[in-house]
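Chains, contacts and geometry: an overview
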Amino acid sequence: MTARGVFIGPIIDDIDTISSRVRARSKLGLTDLNRILEDFFKELLNLIHKANLVNLNEIRHNTPGIDLGDTTSATKRPFQVTSQTTSQKINKTLAAISDADVKLYDKFYVLIIGERQTKYKLNAAQVKRVGFKRRSIVGMTKLASQIIASDIDTISAVYEKLRAELQRITVELEVAIDGKFATSLAGIVEDRPTVHRSDASLLFALDEGTGLFDSREEAQKALDGFIERLECLPA
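Description of the structure in this document. (Residues numbered from 1 in each chain as written. Predicted model: local features only at pLDDT ≥ 70, side-chain atom pairs only at ≥ 80, totals over all residues. Heavy atoms only, no water.)

Let's talk about the overall build of the protein
Here is the rule: Runs of H or I in DSSP of at least four residues are treated as helices and runs of E of at least two as strands, each being numbered from the N terminus. Relative accessible area decides the class of each residue, using a 1.4 Å probe on protein chains only: under 20% of the type maximum gives buried, over 50% gives exposed, and in between gives partly exposed. Contacts were defined at the residue level, with two residues in contact if any of their heavy atoms lie within 4.5 Å. Method for areas: the Shrake-Rupley scheme with a 1.4 Å probe, in which residue coverage is limited to the protein chains shown.
A count of helical and extended segments in the protein gives 9 helices and 5 strands. Tracing the protein from N to C terminus, the helices and strands come up as α-α-β-β-β-α-α-β-α-β-α-α-α-α. Taken over 235 residues, the protein has a buried fraction of 40%. Across the protein, every contact between residues at least 6 apart in sequence was considered, and the portion connecting residues at least 24 apart equals 66%. Carbon and sulfur atoms form 55% of the exposed surface of the protein, whose accessible area is close to 14,000 Å².

Structure representation (C-alpha cells):
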C-alpha cells in the first residue's frame, strides 16, 4: 500500500462517521451544527485550500449567509456550513449575503455536511447577483475528492487533524436515546486505578532506626502523599 493509501482510507471513514452523526441529528430536527463544526471545518478547509479562513460568527454574530471567510489569500472565499441540502436552503443563503460581501469576496461556497442533491432549482437573480456557481455547492464526497487530489503533506495533515478531533466531534454530535448516550466519558477517559493503602505501620517500624518519622500518623501522612502523586502519573 502507498503512503497516500495509508491515510486516505481512514480519512474517508472519518468523514463518513461525521456525516452519519449529522444525518442522525438532522432527522430529529437538530440542526444546531455551527456551534460544533464551524471551527473544525474552518481548520480542515484551511489545510485543503492553503487558505486563511476565520469564523465570522465569532467576529460578527450570525454573519448573514456566511460562516467562514478568507479575505487575505489570493482567492477571497467565504463558506456557509450547513447540514441542509435543499434548494430552499441554498436560495436563502444567497439572499442573505450582503452586497458588501459580494464586493469583498471572489467566490462563494456552500459546504454541506452530507451529500448535495443531484439537481438544484436556484433563484436566477440571486445567482447572478452573487456570481454563484452550482459546482460551489460542496458535499462530503467532493470534499473527500479534494483531499485525495492534494499533495501528500496536505493529506497527512488532514489525517492528523481528523485523528485528533474525531472522538470529540462524534461525542458532541451524539443523539441521546431514551435519555442516554451510547458514548460516555467512561469509555474515553482511562479509569483511575484503585489503590489499597496500608496503615503505614510497617513503614514506621522499619524507620525506627533512622528517626525519619516521629509517629505512625506522620508516616501515614507521608505515605498517602506519595501514593496520591503516583496516582497522577499515566498508566
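Comments concerning the pairing of strand β3 (residues 77-82)
The line we're drawing: Two strands qualify as a pair provided that DSSP identifies no fewer than 2 bridges between them.
Taking burial as the measure, the 6 residues of β3 include 6 buried ones, the bulk of the element. Burial along β3 is two-sided: the residues Arg-77, Phe-79 and Val-81 and Pro-78, Gln-80 and Thr-82 are all buried. Of the pairings in the sheet, the one linking strand β2 (residues 68-70) to β3 comprises 3 bridges and is antiparallel in character. Across the sheet, residue Leu-68 finds its bridge partner in β3, namely Phe-79. Hairpin connection between β2 and β3: a loop of 6 residues separates the two successive antiparallel strands. Here 4 bridges tie β3 to strand β4 (residues 109-112), and the two strands are oriented parallel to one another. Bridge pairing links Thr-82 to Ile-112 in β4.

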